[in-house]
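# Analysis of the macromolecular model
So the chains spell out like this:
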Amino acid sequence: MTKGPEARGEIPEPHAAFLNPALERLQRDPRLVGVAAGGSYLAGSLDEFSDLDLLIAVEPDAYESVSGERAQIAADLGPLLAAFTGEHVGEPRLLICLYGPPLLHVDLKFIRLEAAAVRVEDAAVLWERDGRLSEAMRQAPARYPLPNLQWIEDRFWIWIHYGAAKVGRGELFEAIDFLGFLRSRVLGPLSLLARGARPDGVRRVEFLAPDLAEAMRSTVAQYDAASCASSLRAAARLYGRLRSDLASQDLRVNALAQAAALAYLGQIEGRFGSAAATGDPS
């Protein structure tokens, strides 16, 4: 059964031009059970800059053979320019593809049929055999992993000290990269969560949490020690704001580590004449 991309309304022409014939080609492979689309397609927010995120369910006894032929399957779907697997994001089942022209980024995630029960979102089924993909997805609800605020609190002040030490030593590229880590792992997810959105790094934070994204601008450092130190202070301040907004009574705040890390950051700020405020983020 093919449900087709029209199930989510209008999609950009390059996406539709790829998706329609790709679905027809995938249906011809008897080892495949169904195809579903997630990400921006699922949210109804596909635009010219969006990727296509496709989940391809495979007959369990054919998974190994299909996995070994992923590159060829991808090449059969359109003008494939390059592709690589997703081990760097912890997802070796993923094949990340670039097609074109026109250039189009397509993620093809090949899974065993039964694995569709374990997922972060209820992808839109575009095609399936005998309703089997939908049935597999009904076996368990989708669960997107939420940030663990205690896990973050237990680490955050060590992280602040680490970043300040990098600034003090003059490892500014390390410090700048580290601030990016804090945004993607802490500040972005918590900002999105605070505004009722899916805590997916910093994706679309400018649109889904604009007030907090504005505060996050101060965590973007220039290649300058004072700027890096000031950005670390801004990161600590924003974290304190988010922690206050999101924390339950069960959260164990490490006040001693917080005070010590912020005092150390203050020393580093003093060395480089940072103009950052030194108030406690809580």
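The structure contained in this document is the topic of the report that follows. Everything numeric here is computed off the predicted structure, so don't read it as measured data.

### What about the packing of helix α7 (residues 172-194) against helix α10 (residues 225-246)?
Put simply, α7 and α10 touch, their axes get as near as 10 Å, and they point 20° apart. Judged by the inter-axis angle, α7 sits roughly parallel to α10. The handedness of the crossing between α7 and α10 comes out as left-handed. For the pair α7 and α10, contact is made by Leu172, Ala175, Ile176, Phe178, Leu179, Leu182, Val186, Leu187, Leu190, Ser191, Leu193 and Ala194 and by Ala225, Cys228, Ser231, Leu232, Ala235, Leu238, Tyr239, Leu242 and Leu246, respectively. Looking at the contact of α7 with α10 residue by residue, the classes come out as 19 nonpolar, 2 polar and no charged.

### Some details on the packing of aromatic side chains
Evaluation of the coordinates by the stated rule reveals 9 aromatic pairs. Relative to Tyr239, the ring of Phe156 lies with its centre 4.0 Å away and its plane at 25°, an arrangement referred to as stacked. Of the two residues, Phe156 sits in helix α6 (residues 149-169) while Tyr239 sits in helix α10, which places them 83 residues apart along the sequence. Per residue, the accessibility class of Phe156 equals that of Tyr239, and both read buried. Through pairs of rings, three or more aromatic residues link up here, namely Trp151, Trp159, Tyr162, Phe178 and Phe181.

### Considerations on the sheet that holds strand β4 (residues 91-99)
Strand order across the open sheet formed by 6 strands is β3-β4-β5-β2-β1-β6, with mixed pairing between neighbours. The sheet terminates laterally at β3 (80-86) and β6 (124-128), the two strands that pair on one side only. Mean inter-strand twist for the sheet, computed between neighbouring axes without regard to direction, equals 25°. Taken together, the 6 bridges between β4 and strand β5 (residues 104-112) define a ladder with antiparallel strand orientation.

### A closer look at the nonpolar core
Among the nonpolar cores identified, the biggest contains 38 residues, and Phe156, Ile160 and Leu232 are the most heavily contacted of them. Within the residue set of this core, elements represented by two or more residues are α6, α7, α9 (210-216), α10 and α11 (255-272). Of all hydrophobic cores here, the second largest spans 33 residues; its members include Leu23, Leu77, Leu104 and Ala124.

Rules and cut-offs
Residues numbered from 1 in each chain as written. Predicted model: local features only at pLDDT ≥ 70, side-chain atom pairs only at ≥ 80, totals over all residues. Heavy atoms only, no water. Axes fitted to C-alpha atoms, helices over the stretch in contact; angles between N-to-C directions. Helix = DSSP H or I, 4+ residues; strand = E, 2+ residues; numbered from the N terminus. Parallel < 35°, antiparallel > 145°, perpendicular 65-115°, else oblique. Left-handed = near helix turned anticlockwise from the far one by under 90°. Contact = heavy atoms within 4.5 Å. Nonpolar A, V, L, I, M, F, W, Y, C, P; charged D, E, K, R; others polar. Phe/Tyr/Trp six-rings, centres within 6.5 Å; stacked < 30°, edge-to-face > 60°. Buried < 20%, exposed > 50% of the residue type's maximum accessible area, 1.4 Å probe, protein only. Pairing = 2+ DSSP bridges. Core = buried A, V, L, I, M, F, W, Y, C linked by side-chain atoms within 4.5 Å.

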